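Structure at a glance
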Amino acid sequence: MSWGKRKKPLKSIAAFVLALGLLSGCSSAGSPNQAASPASKGGAAEPAKPAEPAKKGEPVIYHLGETVNPEQVTNFNPFLATGNWSTFFDYVFDSLYYFNPVKGQLVPRLADGEGKWSDDNKTYTVKLNLKAKWHDGKPFTADDVLYSFNILKSNKALDRYQLWGEGRLADVSAQGSDAIAFKLSKQFPSLPYYLTTVYIVPKAQFEKENAAEFLNKAPIGTGPFKFRSVNESAIVLDKNADYFLGAPNIDQLFINRFNNSSTLTLALEKGDVQGSTGTVAMPSVPKLLENPVNKLQVYPGLNTFSVIINNEKPALSDMAVRKAIQLALDRKSLIEKGESNGVFPANPGFLSSVFGDAVESKLIDDPAYGYNTNESIKLLEAAGYKKNAKGIYEKGGKPLSFTYHMAANAPAQNKEGAMITSWLKEIGIETTVKLVTWPELTKLLMSGDYELLQNGIQTPPDPQAMLEIFHSKMTAPNGTTAPGLNYMRFRDADVDKWLDEASSADAAKRKELYKQVQNRIAEKAPLAVMYNVGGHIPYRTDKFTGYNEDLPVTSALSLKQVKSK
Amino acid sequence: MSKPLLHVNELGKVFGSRSMFRKNEFRAVHDVSFRLEQGEVLAIVGESGSGKSTIARMLTNLIPATSGDIMYGGQSLRRDKRLGRKLPTFVQMIFQDPFAALNPHHTIGYIVGRPLLVQRQWKGDTRPKVLELLQKVGLTPAEDFIDKYPYQLSGGQKQRVMIAKVLGLAPKVIVADEPTSMLDVSIGVDIMNLLLDLKSQEQLALILITHNLGSAKYMADRIMVMYAGQMVEYGPAEQVIGEPLHPYTKLLIYSSPDPWRDASLTMEIIDPQGMEIPKTGCAFHHRCPHAGDACRTKSVAVTKLGGERQVRCHLYT
Amino acid sequence: MSKLLQVQNLSIEYASPRGVVKAVDNVSFSIGKGEIFGLAGESGCGKSTTAFGICRLLRPPARLAGGSVVLDGIELTELPDEQFDKLRWSKMSIVLQSAMNNLNPVLKIRSQLMDAIVAHEPDAGKEAAKRAEQLMRLVDLPADRLDSYPHELSGGMRQRVVIAMAMAMKPSLVIMDEPTTALDVVVQNGIIRKILELQEQFGFSILFITHDLPLMLEMCDRIGIMYAGRLVEIASRQEMKSGPRHPYTQGLLHSFPPLYGPKRRLEGIPGHPPDLIRPPGGCRFHPRCARAMTQCSSREPAVLADERGQVACHLYNEEGLSVEQASAARE
Amino acid sequence: MRYNSVYLLKRLGFAFITLYVAITLNFLLPRLMGGDPASALASEKALGSQEVVKALKAQFGLDNPSLLYQYAKYLNQLLHGNLGVSYANYPSPVADVMVKALPWTFGTVLTATLLSYLVGWLIGIRGAWKAGSLFDNSTLFTAFFLNSVPFFWIAIIFIMIFSFYLEWFPLGQAIDPGIDSFSALDKIKSVLYHAFLPVFTLIIATLAGHILVLRNNLMRVLSEDYMLLAKAKGLSAARRKYAYGARNALLPSFTGFMTSLGHVIGGAITTEIVFSYPGVGLVTFNAILNHDYPLIQGSFLFIAVSVIVCNLIADLVYPLIDPRVALN
Amino acid sequence: MKTIIRIAAACWSAFPGKKGKLGFVILVWFTVIALFGSLLAPYPKNFIGFESWLPPSFSHWLGTDSYGQDVLSQMIYGTRTSFWVGIIAGLITTVIGVTVGVVSGFKGGWVEESLMRVVDLFLIIPTLALMIILASFLPSMGIVSTILIIGCLSWLYMARSIRSQTMSERQSGYVEAARTIGMNDAEIMFREILPNIVPVILANLVLVTTQAVLAEAGLSFLGLGDPTNVSWGTILALANANNAVLFHAWWWILPPGLAIAFFCFGFILIGNGILEKYRANRGNAAL
């Protein structure tokens, strides 16, 4: 044996392993689309840079960037709470109505116009647009709609918005071949908003499976885009030339997947993708906008970031303290420095500005609820608090010293938290910051085991639902689990009364009641609001045009209209 | 019969790991008996692997014996648990490698004084006693040495420190495991002389473990020759060297270089390259020019001959 | 006897953090063809360093500081590396201490033996394999041991392999640095007899280095004694046996307890070897010498060479008489 | 065959015990740390309704509070090759998710490890052989420095330089999004093109360790007597360097080669995140963010099993290349 | 003052070799910043009043970040966190590693077998992944848990190294010598053996400290650290999350990475120096 002989096998082993490693990688790259793509493989297009303008005869491809985990695109079953990526369904499936967060309105999709309430306001009838067709060519029928709603009834876990919950849907039935009647057990005027949360699926495909466990790898929808394939980097959708609301102008929609928003932002800047559904690194937005081809669409949303205050804890049960905290938040700074102007200032009355005229909009700019530390200090001193040696206000020997929980794992939010705690320090309120995991944060909220807690509260697309988080039926004393989102443990008899009244009142009356509730919330400061997070959608206008800015520009209905320049 | 200072009876040691998978045993020492009286020097001679160091370690209780017994002044090390604790004041050991046996991190004063404190033979400052001990082993002026660290000393000085440390506990028996083999010969002689002098002064018994027949003859009153874990020959030093009985002893003496030997002396040597020690019969039969059938099959017992001599060989049964 | 190796004023030193160590200082000796020359001394006296200096295997920071080494008429110290590499093993081979470390643990004996041959005769090929077997037979090892790894052999066998390897190119000089030190006496005896047998057969010269003076007196033709980097005495075996001249040699010889003769007290040599960074002035042995005189500490003794050998000690004047004898004769 | 049965049995036994402990650890750790994925999921999507929480818990088999019951169920499922169903990817089986991610990580990690070792060895050998030279000192300093740099920082710097400024490489991902319509050759090209930066990052980040280990080993070997003897024999420098020196220096680092896989996979987690590379690291990280117990367990199990298997392979190969091990 | 100079001079000569001295200078540099950060930093911690994305200038040597914070000041405050995380986690690791290593190396037998099997076992499981799991599942995250997690998971290699060192010490004669005078095990382990392996412990301490700093940076980068405490890792995480690359804000990306690298570099140099000196000493002792 000699060294010379030894060397060769070593080298060749190295080369073999190398090749093996990389080939195994690419074989798996190939396999999912072979398995999942029902369509035949397209002509061998050269690996052109995605952003190049389309040449003649080549498909027009729109590259949409999205931060989505690789595992989240393994399943295209829109019923499941997990393992899927909800934004995707908007392109492939239709719901009866689409909630347009830009205008706060419902847009009919599979429904043919607005539905009709019965006289007792307990039945809502929706007419169906039967021009719709499933991607596999089969006709769309009322049965599909009935199936899609009734499956939620039989699978509690799928009914994430509790449509079949207490006092809500009692029965869904067909009214002839082109209408569906939603019967309620109690008046529930918000029902149309809730209808936006259910995607209609083809009964023929789903009834063969258990909807709660169906791993849908080749989704069939009625939507503007057809599923073609999925690989490690993108979901590829073809245009639905037969779409009943008009065929898209682009031939293919690539949903390019990024794991982090930084890379996505860079891809946008470089033109690898033309738009995103929203998750970009907020601080990068101003830089993006330095390039005139980049635009940003911002609209308020349903998620309100706040310093949530536990109203049952000592000192925090004192309205003066809560108010002082509310006044110590410089919302403008938070929005500017923390969120780079990509969010909307929140309404001290809590209702998101997305709900248009139901919102008491004067509260937003009312200096009485704006940043004013002098006023904070005045309030505290008026309430009998005195500064101690450490410069912290105290009463009866008990200083205003609170724990301040926030989620770990969110650098921007933590930065904002640091800003807030330093402001609180300025007005003589001491905080001990505790960072916890997200589930732990939820647990603390539910059990009321916290004092101050920075987090967002997300509500369904319904003003009633948004305000009902202040209803006392949504809370429970500290130590017991809150049945609803009233984590603040806020109780106000008037608010309860007004909300109960609104739940069955007509539209005008409701608006009026909502405004009353909002004013009371602003006044009592059960929590200190920061900002509304909705959409902040960057998009490029250098290669494509025709975005509909009345909708989220990268939503299915807008992208349908987009065409290449 | 009066109780000897040290009585070793059928001592045996089996090393082995009994793992899940198989037994891996090695018989390091087998059936060794001897006795030692005050003022006596016994040399245990053998090649590496003969088991001589194992005996030294069993005598000082560094490793336990697996069979047989060691008795100090009639007390059994095996049965008398209390003896174990105070054994250090009874028997002490001098190690082969003075470079390693002194903790490089401590001063000479600490090293020599420490045993006194550990064995509660001294209270308070050990310095005067340490100075006295250093003086005794010829490290003079002792003041110069007491605060030094081992690395500041030469090999011979280190071995003297080792001896001083050992003397501190006033043991009755000292086991010296190749005390000079790591030292230059000119220094080694001094150490041997020191040990002999101390032996007479302090009325010690000395066990010298060595592979060097010359040193054994120089130091010892009696010599015990070890081979493959067994004692093969025992007797007064002059006799064992002068008129060896066992073929192995003869081989050993013949192989030891000595320019003054009788040049005409020749010997038939059987050198079974790499062959393992036989498991049956006499352990030496594969190298023995006189081996007969009995040697190959029958194990040998010790034969006691006149004049205190003992030999383990079929030739003398 | 013609000279095979001539070492003249060899000096080797190395830098240590505390200063320059003169490990070998002005050492001169020669070895005749077919002669076994022993170099003896205690640890640190520079005997191994001398050997490494001769075959240019000094490891940094040790370096040759001066002197010349002539092997078979070739001046070795100035030879370029490539030429010296060709000369290695073919003219001069070396046997190191018999530790496990002598052989490459991951190569079979066969390839290590063949390496030595192929390095000098790249075309040897099959013939090299045959020669490897012959070499094994030479040292009484079965040829099938060629396929063993070093760890599968006993210490004595390994040393035999190393000796076999040293014979591979039939060198004219074999340097043996403590070849048997770590071995048991019986094994040592076997190997020494094998070395003598091979030497008789092939007639090479041996530079034999050991601290074991009795062993040396049994096998070497001439013996040089080193102390603290200097060669203090050279004498034939007979002269050595009958009575060395240098007080150090005398002391050393009397430090080995003899096997024969009546028991008598040995004296050894008091003190310990000097620190070679700051060696004592004059004769380096004088601090330990029982017969030291005033001049010993101030003047380096000249080397006296005569028919009995050579000695560097103030006790002896030009005539080879001791100073006492000389002064006694004068009076 | 140099194997002896005891050695073989011992290694296999250890591999199995390790596997068992890893399995148990995988089960226990996430649960002991607290957290309740069902409530978290429910509160995210279902407004904190207890009814939905209950339904979700039942769905994921968390309704039985007994840890022992869950453990038994977990082991039983494992025996049937069932790693459970991912929460976040419900109803995708964990195995499916892992099988998709594994090739990417193994491709990059193995390639990077092999190349890194190769380059590190070569540099280390050269450095030790010429110890004290300019080359040695500069590589040593660079290695010390690189040894101290976080993987993800290198990744960010690479993205900044090579992807953003120079635009030589993509900003991340493993393949071109249009792969669907590519020819086989273009697919391979695309994969290699995308893998370059992540692999390069892993190489740079791990190179230093290999250089240092090999250099130290070789320095030690060079002081051995057989190296001196090899020189005395007149062997050529190349033969001394490789057959005598490097080979002895490589062997101790061979087992390290396999164990270092775990370290590299650890580093690959942050690297994959920066490069949006769809491997095990990214899956693990996302699973952790989603509190997806079965997926975390699965990903852990896959990592552990791979490393255990690699170790076992190393243990079995070792006696073939180092004769000393066989005796043991 | 004089004593400080004397101590400094003693330290200076204690650090072996040029590399060790360079490492010492780096260590002193970071120590001074860590200890006197609040005096050195030009602006207060987390002050956000400046314009965002300012490139380096005289008033902001390292520019400002997306929040309008002075990067230099953040770096200086970050030094403190990273420094203490490294040191404390390193000490925890050392205590565990030394205890396990010394006990298993000294005791041998089943104690060693079982401890080392555990070590082998955990060595196989990737530590960073394990840390991520622990960190992300802990109900609350703070600097203390970061330190504990890092400290408790990094001792494996150290235990091994200390064990092998202890084993070689155990074989050296002074341990047997200590036994023969009747010292008990604890005394031998901690009075006799421990002082002799101090250099090895120090060298290991230095290494685990750098590992701790790197691990903290990694966890912070993944958002699993404690963002209320500014550290080099959180600065990098913020730079990455806020897309400093897009803004060409190299002044926000390079300093934290380089700081981590230099800090660890300094420590590794010191460790290497200690080990080299130790080996040299041992070598000489054996001669």
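Just so it is clear, the model here is predicted, and its values are computed rather than measured.

Some remarks on the overall build of chain E
- Of the regular secondary structure elements, chain E holds twelve helices and one strand.
- Walking chain E from its N terminus toward its C terminus, one meets helices and strands in the order α-α-α-α-α-β-α-α-α-α-α-α-α.
- Relative to its 287 residues, chain E shows a buried fraction of 59%.
- The long-range share in chain E, meaning contacts at least 24 apart out of those at least 6 apart in sequence, stands at 70%.
- Of the roughly 11000 Å² of accessible surface on chain E, 70% is carried by carbon and sulfur atoms.
- Counting 17 positive and 14 negative side-chain charges, chain E places the averaged centre of each group 9 Å from the other.

Topic: the sheet that holds strand 12 (residues 310-311) of chain B
All names here are of chain B.
- Taken together, eight strands build an open sheet; the order of strands is 6-7-8-3-9-10-12-11 and the sheet is mixed. Of all the strands in the sheet, just strand 6 (91-94) and strand 11 (303-304) have a single pairing partner and so form its edges.
- Inspection of the sheet shows strand 11 paired to strand 12 by two bridges, in the antiparallel sense. Across the sheet, K304 pairs through a bridge with Q310, a residue of strand 12.
- Against the sheet, helix 1 (residues 52-59) engages strand 3 (41-45), strand 6, strand 7 (173-177), strand 8 (205-210) and strand 9 (222-227), with an angle of about 145 degrees to strand 8.

Remarks on the state of the cysteines
- Under the definition given, this model contains zero disulfides over all chains.
- Take C282(B): it sits in no disulfide, and the sulfur closest to it among the cysteines is that of C295(B), at 5.9 Å.
- C282(B) gets classed as buried once you look at its relative accessible area, which sits at 13%.
- A disulfide-free cysteine, C296(C) has its sulfur positioned 5.9 Å from the sulfur of C283(C), the nearest such atom.
- What makes C296(C) buried here is its relative accessible area of 7%.

A short note on the packing of aromatic side chains
- Throughout the structure, instances matching the rule amount to 55 aromatic pairs over all chains.
- Residues F149(A) and F182(A) carry aromatic rings whose centres are separated by 4.9 Å and whose planes lie at 75 degrees to one another, so their mutual orientation is edge-to-face. Linking F149(A) in helix 3 (residues 142-154) with F182(A) in strand 8 (residues 179-184), this pair joins segments that are 33 residues apart in sequence. Pair check on accessibility: F149(A) and F182(A) agree, each one buried.
- An aromatic cluster of at least three residues, connected via ring pairs, comprises F158(D), F162(D), W168(D), F169(D), Y193(D), F196(D) and F200(D).
- The cationic tip of K172(B) hangs over the ring face of F90(B); the distance from NZ or CZ to the ring centre is 5.0 Å.
- Against the face of F135(D) rests R126(D), its NZ or CZ located 4.2 Å from the ring centre.

Observations concerning the UniProt feature "transmembrane region" (unreviewed entry) in chain D
All names here are of chain D.
- UniProt tags residues 12-29, 101-123, 144-166, 191-214, 249-275 and 295-318 as "transmembrane region" (unreviewed entry).
- The span residues 12-29 shows a helical share of 100% and a strand share of 0%, and its end C-alpha atoms are spaced 25 Å apart.
- Annotated as 78% helix and 0% strand, the span residues 144-166 places its first and last C-alpha atoms 28 Å apart.

Focus on helix 5 (residues 94-129) of chain D
- Along its 36 residues, helix 5 of chain D runs 50 Å from first to last C-alpha, staying within 8% of the 52 Å computed at 1.5 Å per residue.
- Bending of helix 5 of chain D peaks at approximately 30 degrees at the position of A101(D), with proline P103(D) no more than four residues after it.

Details of helix 1 of chain B
All names here are of chain B.
- Taking burial as the measure, the eight residues of helix 1 include seven buried ones, the bulk of the element.
- The set of residues buried in helix 1 consists of K52, T54, I55, A56, R57, M58 and L59.
- Note on helix 1: the residue one or two positions beyond its end, N61, has a positive phi of about 65 degrees.

A closer look at the pattern of salt bridges
All names here are of chain A.
- Within this structure, the stated rule accounts for 59 salt bridges over all chains.
- Here E430 makes a salt bridge to K390, at a shortest N to O gap of 3.7 Å. Here E430, found in strand 20 (residues 430-436), pairs with K390, found in the loop between strand 16 (386-387) and strand 17 (393-395); they are 40 residues apart in sequence, far enough to count as distant.
- For K390, a relative accessible area of 63% translates into the label exposed.
- With a closest N to O distance of 3.1 Å, D492 and R520 form a salt bridge. Taken together, the positions of D492 in the loop between helix 14 (463-467) and helix 15 (493-502) and R520 in helix 16 (residues 507-524) put the pair 28 residues apart, joining distant regions of the chain.
- Of the residues examined, R520 reaches a relative accessible area of 18% and is grouped as buried.
- Linked through salt bridges whose partners overlap, the residues forming this network are D492, D494, R520 and K524.

Looking at the side chain of Q310(B)
Residues and elements named next belong to chain B.
- With respect to the element layout, Q310 can be found in strand 12.
- With relative accessibility at 16%, the residue Q310 sits in the buried group.
- If we ignore the near neighbours within four places in the chain, the residues touching Q310 are M231, V232, E233, Y234, V302, T303 and K304.

Re the nonpolar core
- With 143 residues, the main nonpolar core has I150(E), W232(E), W252(E), I253(E) and F263(E) as its most contacted residues.
- When residues in this core are grouped by element, the largest group, 14 residues, is from helix 12 (residues 250-286) of chain E.
- Discounting residues that sit within four places of it in the chain, I150(E) has contacts with V85(E), A89(E), T93(E), M131(E), A212(E), A215(E), E216(E) and L219(E).
- Residues F227(A), V354(A), A358(A) and L557(A) belong to the second largest nonpolar core, which totals 111 residues.

A short note on unusual backbone geometry
- Look at the link from T140(B) to P141(B): it is a cis peptide, with omega at -10 degrees.
- Although it is not a glycine, F350(A) sits at a positive phi angle of roughly 80 degrees.
- Structurally, F350(A) can be placed in the loop between strand 15 (344-345) and helix 10 (362-365).
- Residue F350(A) is classed as buried on the basis of its relative accessible area, which comes to 0%.
- Phi is positive for E10(B), which is not a glycine, with a value near 50 degrees.
- Residue position: E10(B) is located in strand 1 (residues 6-18).

A look at the side chain of T108(D)
All names here are of chain D.
- Of note, T108 is situated in helix 5.
- Relative accessible area serves as the criterion here: at 3%, T108 is assigned to the buried category.
- One polar contact links the side chain of T108 to the main-chain carbonyl oxygen of T105, over a distance of 3.0 Å.
- Residues within four places of T108 in sequence aside, it is in contact with A195, V199, L202 and Y277.

What counts and what doesn't
Residues numbered from 1 in each chain as written. Chains lettered and ligands numbered in written order. Predicted model: local features only at pLDDT ≥ 70, side-chain atom pairs only at ≥ 80, totals over all residues. Heavy atoms only, no water. Helix = DSSP H or I, 4+ residues; strand = E, 2+ residues; numbered from the N terminus. Buried < 20%, exposed > 50% of the residue type's maximum accessible area, 1.4 Å probe, protein only. Contact = heavy atoms within 4.5 Å. Areas by Shrake-Rupley, 256 points an atom, 1.4 Å probe, with all protein chains shown as cover. Lys, Arg positive; Asp, Glu negative; His and termini not counted. Charge placed at Lys NZ, Arg CZ, Asp CG, Glu CD. Pairing = 2+ DSSP bridges. Axes fitted to C-alpha atoms, helices over the stretch in contact; angles between N-to-C directions. Disulfide = S-S within 2.5 Å. Phe/Tyr/Trp six-rings, centres within 6.5 Å; stacked < 30°, edge-to-face > 60°. Lys NZ or Arg CZ within 6 Å of the ring centre and 35° of its normal. UniProt positions renumbered as here; feature names shortened; annotations may be inferred. Expected span 1.5 Å × (residues − 1). Bend = angle between axes of the 7 residues up to and from the residue. Salt bridge = Lys/Arg side-chain N within 4 Å of Asp/Glu carboxyl O. Core = buried A, V, L, I, M, F, W, Y, C linked by side-chain atoms within 4.5 Å. Polar contact = N/O pair within 3.5 Å; in protein donor to acceptor, adjacent residues only side chain to side chain.

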